[in-house]
Amino acid sequence: MMDEIKKAIIEFAESSRKSKFYFKDMEKAVQEKVPGAKSRDIKKAATELINEGTLIYFSTGSTTMYGLKGRGVTEEERQQG
Amino acid sequence: MFSPKRPQKEIKYQELRIYTDEELRNYTEEELKEFKIKHPIPDVEELEKGPWPSFVADAKREALRRRKLADDRMMIDRYVVEDLLGQLQLSFEDGETHWKHGGIVGVFGYGGGVIGRYSDVPEKFPGVAHFHTIRVNQPASKFYKTDFLRALCDLWEYRGSGLMNMHGSTGDIILLGTTTDQLEPIFYDLTHELDQDLGGSGSNLRTPSCCIGRARCEWACYDTQDMCYEITMHYQDELHRPAFPYKFKIKFDGCPIGCVASIARADISVIGTWRDAIRIDQDAVKAYIEGDILPSGGAHRGRDWGKFDIKKEVLDLCPTKCMWMEDGKLVIDNNECVRCMHCITVMPRALRPGTDTGVSILIGAKAPILEGAQLSQVIVPFMKVEPPYDNVKELIDKVWEFWMEEGKNRERVGELIQRVGLPKFLEVLGLPPAPQMVKMPRTNPYIFWKEEDVPGGFTRDINEYRAKHKR
Amino acid sequence: MALSTGKYGKYDPQSPTKDRITDIGPRHFWEFFPPIIQRNYGKWLYHEVLEPGVLVHVSETGEKVYTVRCGSPRLMSVEYVREICDIADKYCDGYVRFTTRNNIEFMVDSLEKVQALKQELESRKFYSGSYKFPVGGTGACISNVVHTQGYIHCHTPATDASSLVKAVMDELFDYFKSMVLPAKVRVAVACCLNMCGAVHCSDIALLGIHRKPPIIDHEVIDQVCELPLVIASCPLGAISPDKTPEGKRTLKIKVERCMFCGNCYTMCPALPIADKTGDGVAILVGGKLSNRVSEPKFSKVVVAYLPNNFPRYPEVVQTVKKIVEVYAQDARKHERLGDWIERIGWERFFEKTGIPFTEHLIDDYRLAYDTYRTSTQFKFTEAAWEVSRAAGGIE
């Protein structure tokens, strides 16, 4: 189940036009592919993906989103050129 | 009496310190008077004057300290404070901020606790090109030992700007300004040496906070620090790894006075209260009336308000008029009391809260963004609370489950309740409705009846109807 | 063990997860309580304010703890914190506390120590003459101001916070150091509508506001922002998709719908909203969050805009001072600012303070009707006669 969810997360992240997305949007996409996936499990899977270095957090300070590492220009990367 | 959930490292500054005594005294007052930072900052310097503590005069001594420290005794730009003041001057001139948005900075595996910040004029102020904030989870009710604070100061001066907030609005210690490469080393030393974690930011549980409670207040109706600590520890995952629709705050006030502002600022406001009688010492009441004890604990002693008048100052101000004098004695009809605490605060030596204490739980406060400001609303009028506070945790879990399921992106739980209606929210929590939850019943009759509310349900036969009523 | 030195200290960038410690939470509070607090935990009987800034709490054990409270600038250097530590080590066995409103509290166990401690605190001044640790902030006073980051650290502010607080507190300093007001007056500053400081229930709230819609950076917006998320971020649905003449994806803003909240900018750096002439300070009054006597209530906007006149904001400071002075003179004992206004009526408040009532103060957002007067119970002031004259009702 956990692997299935992780796979669904990556598929969603790769297919999405967005470089960053809310947990809820990711959750919805996963639940379409893996019916019955609980939000707690999806969070666990996302956390694992973060620890593995596949996903990253993106934060405005007030709001947090997830993103696929290496996609989308971050301020840090822009500054380093 | 209380103990941590796990053994904690003892903090000894002498063992932890980075700077020598000599390094800590590396400038004189004379040098400070003569000191000019590298940018002209006339408007900023204007704020050195006046009696209120000047953050500018204070920041300048940190700037001077950094001038005099050796190169290898600080890991970020020597001129970080000077550049910050310089950028502040430029912001005054431009009437606009010069900070850019956040980004992905953070410590590995955590989605909160660090706020990324970049200057939009880095060529002018290279010292603040990166100026990230770190939120450090404060100890409940903000008591400290100097060993801890001094160690934190050394760590922060060595790896950051040396500027901080004691404390931020939510309650955290705010360390203001460091570079990306220093985030992990700071986190490493915070956890390994100071045995101390980060606080929250972004779409997660924000650092819970509480009032001073029973540590030094006679009105606290439960152990605010203990519950704050327990809840903080229990929900560490929610605090560090955001998966909520938006931020979520929990605050613990010991009584209805609300020193930590939970009713205005927390998604879940836990407010101490009691359900038995206010304790009365009739001799002390008499002493107040006769002028032997100063009312309000002396809080008004700066002005002559005349002789204390119990009728004017207490009885008449009681919101439910549930107290009166009878044969020289104060009588309180506790059934009618709404526990506003005014009488207690005016005559603290005569009146005390009851002893059958617990909490009221109110939900949904927030600042105006997005749907307008809200105060928390009554959800549970009274709840007994004992460690490990399972009943409170159960309620929190239910609220989160519903909010994570139904909440829209960036929708606070108070806004969700507004959108779906309080009845729906109560149904989710499994709580019966009560008049305590509303100021008044609804004034419109547009009731969303459900099919099961009505005998026979909604399905009807048009032919049966027509048999009685011509078309 | 010591704190680490060198660029990365003991952290190994090659293996970031090695020996990693997470989820340990804050340090436990009990070890930070002074022994007298530990001994008397939960046993306090009553407290008294002996003089401005000095409290005594009396325990059922007979012990007394004296607290000396002083203001802090909130934005402080490690040097300032070390100075706090020096004082705490000298007088308080190394214990110190901070309050929710950024005050510092030093606790001692005798009156003699109080006097020495107080003298020490009051004697410490910056080279420029301002106090480092002004004693006060108790009882019927104006306590320290809770505030946000402003130009010091925020990307969306419409004003600065630290300087505004300094300017206001310099002017209200005597109220911090005395207890002459009818009740406590809580002042708060937030530098934009996001209100990190949640100032919406303060007696007096100073709020940074923008007055011009965002500028759209068409060049880069599609690269640096997720357009659908930006569109969704607008509370009033004023943002919609658009194309530049060159065919690039961008956004457009229905200006008449913009309420200048800056939410879109929070989601998208290509929509800067700050503007020198647009930005300024609004003043809200009459809020409270204590349940004492009257219920908690929101602050109401009484001045829609004053300019950001850095660094001293004379217009804002003078208006605040005026409000406090009229309140101090006119309110009854125990009456909070909002309760006083409700008793005398808002029309009287504007008359007494001389603050002009403008159309910007009449709500036209959601639920505005709740704030309209639907009764003939009002007082006549000059403002009423003006309406009567305009309507041809009187000469």
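Shown above is the structure to which this text applies.
Residues numbered from 1 in each chain as written. Chains lettered and ligands numbered in written order. Predicted model: local features only at pLDDT ≥ 70, side-chain atom pairs only at ≥ 80, totals over all residues. Heavy atoms only, no water.

**A few points about the overall build of chain A**
Helix and strand content of chain A: four helices and three strands. Moving toward the C terminus, one meets the helices and strands of chain A in the order α-β-α-α-β-β-α. For chain A, buried positions account for 56% of its 81 residues. Put simply, 54% of the contacts in chain A that link residues at least 6 apart link residues at least 24 apart. (Helix = DSSP H or I, 4+ residues; strand = E, 2+ residues; numbered from the N terminus. Buried < 20%, exposed > 50% of the residue type's maximum accessible area, 1.4 Å probe, protein only. Contact = heavy atoms within 4.5 Å.)

**What to know about the overall build of chain C**
Within chain C, the secondary structure is distributed over 12 helices and 12 strands. Counting only residues that meet the buried cut, chain C has 59% of its 395 residues in that class. Of the roughly 15,400 Å² that chain C leaves accessible, carbon and sulfur atoms contribute 53%. (Areas by Shrake-Rupley, 256 points an atom, 1.4 Å probe, with all protein chains shown as cover.)

**Regarding the interface of chain B and chain A**
Quite often, the size of an interface is put as the accessible area lost when its parts meet. On the side of chain A, 24 residues touch chain B, which itself brings 36 residues to the contact. Around 2,500 Å² of area is buried between chain B and chain A when both sides are counted, 48% of it from carbon and sulfur atoms. Here chain B and chain A share two salt bridges between them. The closest approach of N and O atoms between lysine 43 of chain A and aspartate 237 of chain B, which form a salt bridge, is 3.1 Å. (Buried area = accessible area lost by both parts, 1.4 Å probe. Salt bridge = Lys/Arg side-chain N within 4 Å of Asp/Glu carboxyl O.)

**Digging into unusual backbone geometry**
Residue methionine 166 of chain B is joined to histidine 167 of chain B through a cis peptide bond whose omega torsion reads 5°. Position of histidine 167 of chain B among the secondary structure elements: in the loop between strand 6 (163–166) and strand 7 (173–178). Between proline 387 of chain B and proline 388 of chain B the backbone carries a cis peptide bond, its omega angle lying at 0°. Looking at where proline 388 of chain B falls in the secondary structure, it is placed in the loop between strand 16 (377–383) and helix 15 (390–406). One non-glycine residue, aspartate 327 of chain B, adopts positive backbone phi at about 50°. Residue position: aspartate 327 of chain B is located in the loop between strand 12 (323–326) and strand 13 (329–332). Classification of aspartate 327 of chain B as exposed rests on a relative accessible area of 79%. The backbone of aspartate 19 of chain C sits at a positive phi, close to 55°, despite the residue not being glycine. Summarising the element assignment, aspartate 19 of chain C is placed in the segment before helix 1 (35–39).

**What to know about the sheet that holds strand 3 (residues 64–70) of chain C**
Within the open sheet, the six strands sit side by side as 5(B)-5(C)-6(C)-3(C)-2(C)-1(C). Their pairing is antiparallel. In this open sheet, the two edge strands, each paired with only one partner strand, are strand 5 (143–145) of chain B together with strand 1 (44–51) of chain C. Between one strand axis and the next, the sheet turns by 30° as a mean value, whatever way the strands run. Across the face of the sheet, helix 7 (residues 146–159) of chain B comes into contact with strand 5 of chain B together with strand 5 (95–98) of chain C while running at roughly 80° to strand 5 of chain B. The strands that helix 2 (residues 78–91) of chain C touches are strand 5 and strand 6 (104–108) of chain C; relative to strand 6 of chain C, the one it contacts most, it runs at about 15°. (Pairing = 2+ DSSP bridges. Axes fitted to C-alpha atoms, helices over the stretch in contact; angles between N-to-C directions.)

**Focus: the nonpolar core**
The nonpolar side chains of a soluble globular protein tend to be buried, and buried together. Ranked by internal contacts, the top residues of the largest apolar core, which has 235 residues, are Phe106, Ile204 and Ile283 of chain C. A domain split of this core shows at least three residues from each of domain 1 (13–193) and domain 2 (209–274 + 356–437) of chain B. Excluding residues that lie within four positions of it along the chain, isoleucine 283 of chain C makes contacts with Ile204, Ala205, Leu206, Lys300, Val301, Val302, Val303, Leu306, Val316, Thr319, Val320 and Ile323 of chain C. (Core = buried A, V, L, I, M, F, W, Y, C linked by side-chain atoms within 4.5 Å. Domains from an automatic or database assignment.)

**Some remarks on the environment of cysteine 153 of chain B**
Here cysteine 153 of chain B is to be found in helix 7. Overall, the relative accessible area of 0% leaves cysteine 153 of chain B in the buried class. Sequence separation between cysteine 153 of chain B and isoleucine 18 of chain B is 135 residues; the distance between their C-alpha atoms is 9.6 Å. When sequence neighbours within four positions are dropped, the list of residues in contact with cysteine 153 of chain B reads Val78, Val81 and Arg82 of chain C.

**Focus: the packing of helix 9 (residues 314–330) of chain C against helix 11 (residues 346–353) of chain C**
Relative placement of two packed helices is described by the angle separating their axes and the distance separating the axes. Residues and elements named next belong to chain C. Their axes nearest at 10 Å, the elements helix 9 and helix 11 cross at an angle of 115°. The angle between the axes of helix 9 and helix 11 places the two elements in the roughly perpendicular class. Seen from above, helix 9 lies across helix 11 with right-handed handedness. Counted together, Lys322, Ile323, Val326 and Asp330 of helix 9 and Phe349, Lys352 and Thr353 of helix 11 form the full contact between these two elements. Looking at the contact of helix 9 with helix 11, its residues break down into three nonpolar, one polar and three charged. (Parallel < 35°, antiparallel > 145°, perpendicular 65-115°, else oblique. Left-handed = near helix turned anticlockwise from the far one by under 90°. Nonpolar A, V, L, I, M, F, W, Y, C, P; charged D, E, K, R; others polar.)

**Notes on the pattern of salt bridges**
Counted according to the given criterion, the structure contains 68 salt bridges over all chains. The partner of arginine 241 of chain B in a salt bridge is aspartate 237 of chain B, with the nearest N and O atoms 2.8 Å apart.

**Focus on the state of the cysteines**
All names here are of chain C. Scanning the model with the defined rule gives one disulfide over all chains in all. The disulfide partner of cysteine 225 is cysteine 268, and the S-S distance across this bridge is 2.0 Å. Since a negative S-S torsion denotes a left-handed disulfide, the cysteine 225-cysteine 268 link at about 75° is right-handed. Remark: cysteine 268 occurs in the loop between helix 8 (263–267) and strand 11 (280–285) and cysteine 225 occurs in the loop between helix 6 (221–224) and helix 7 (227–233); sequence separation between them is 43 residues. (Disulfide = S-S within 2.5 Å.)

**Topic: a nonpolar patch on the surface**
Judged by side-chain polarity, Ile447, Trp449, Val454 and Phe458 of chain B come together as a nonpolar surface patch covering roughly 400 Å² of accessible area. Topologically, phenylalanine 458 of chain B is positioned in the loop between helix 17 (422–429) and helix 18 (462–468). (Patch = residues over 30% accessible without salt bridge, like charges linked within 9 Å, V, L, I, M, F, W, Y side chains within 5 Å.)

**Regarding the packing of helix 7 of chain B against helix 8 (residues 183–192) of chain B**
Residues and elements named next belong to chain B. Packing of helix 7 against helix 8 leaves a shortest axis separation of 11 Å and a crossing angle of 165°. Judged by the inter-axis angle, helix 7 sits roughly antiparallel to helix 8. Along this stretch, helix 7 crosses helix 8, giving a crossing that reads as right-handed. Contacts between helix 7 and helix 8 pair Leu152, Leu155, Trp156 and Arg159 from the former with Pro185, Ile186, Asp189 and Leu190 from the latter. In terms of residue class, the contact of helix 7 with helix 8 is made up of six nonpolar, no polar and two charged.

**Quick look at the sheet that holds strand 1 (residues 20–21) of chain A**
Residue and element names in this part refer to chain A. The three strands lie next to each other as 1-3-2, forming an open sheet whose pairing is antiparallel. Taken across any chain shown, the strands that pair with only one partner, and hence form the sheet edges, are strand 1 and strand 2 (55–59). Against the sheet, helix 3 (residues 39–52) engages strand 2 and strand 3 (64–68), with an angle of about 100° to strand 2.

**Examining the interface of chain C and chain B**
On the chain B side, the residues contacting the 146 residues of chain C number 159 residues. Of the roughly 13,900 Å² buried where chain C meets chain B, counting both sides, 59% is carbon and sulfur surface. Three residues stand out in chain C for area buried against chain B, namely Leu3, Arg27 and Tyr127 of chain C, and they jointly supply 7% of the buried area on that side. At the boundary of chain C and chain B, one finds 13 salt bridges. Across the salt bridge formed by arginine 61 of chain B and glutamate 83 of chain C, the nearest N and O atoms sit 2.7 Å from each other. Seen at the junction of chain C and chain B, the total is 86 residue pairs in polar contact (both at pLDDT 80 or more). (Polar contact = N/O pair within 3.5 Å; in protein donor to acceptor, adjacent residues only side chain to side chain.)

**Some remarks on the packing of aromatic side chains**
Each pair of aromatic rings is reported with the distance of its centres and the angle of its planes. Following the criterion strictly, the structure yields 45 aromatic pairs over all chains and no others. A ring pair is formed by phenylalanine 92 of chain B and tyrosine 151 of chain C, whose centres lie 6.4 Å apart and whose planes are at 55°; its orientation type is tilted. Of this pair, phenylalanine 92 of chain B sits in helix 6 (residues 80–94) while tyrosine 151 of chain C sits in the loop between helix 3 (111–123) and helix 4 (162–171), which puts the two residues in different chains. Of the two residues, phenylalanine 92 of chain B and tyrosine 151 of chain C, both sit in the buried class. With 5.6 Å between their ring centres and 70° between their planes, tryptophan 346 of chain C and phenylalanine 349 of chain C make a pair best called edge-to-face. In this pair, tryptophan 346 of chain C and phenylalanine 349 of chain C are both assigned in helix 11, three residues apart and thus about one turn of the helix distant. By relative accessible area, which is 25% here, tryptophan 346 of chain C ends up partly exposed. Among the aromatic side chains, those forming a connected cluster through ring pairs are Phe2, Phe143 and Tyr229 of chain B together with Phe29, Trp30, Phe33 and Tyr41 of chain C. Over the face of the ring belonging to tyrosine 79 of chain B we find lysine 38 of chain B, whose NZ or CZ atom lies 4.4 Å from the ring centre. (Phe/Tyr/Trp six-rings, centres within 6.5 Å; stacked < 30°, edge-to-face > 60°. Lys NZ or Arg CZ within 6 Å of the ring centre and 35° of its normal.)

**Quick word on helix 16 (residues 413–420) of chain B**
Residues lying three or four places apart along an α-helix face the same way, a consequence of the helix completing one turn every 3.6 residues. Residue and element names in this part refer to chain B. Taken together, the buried positions of helix 16 are occupied by Val413, Gly414, Glu415, Leu416 and Ile417. Considering only its buried residues, helix 16 is in contact with strand 15 (357–363), strand 16, helix 15 and helix 17. Just beyond helix 16, the residue with positive phi is glycine 421, at close to 95°.

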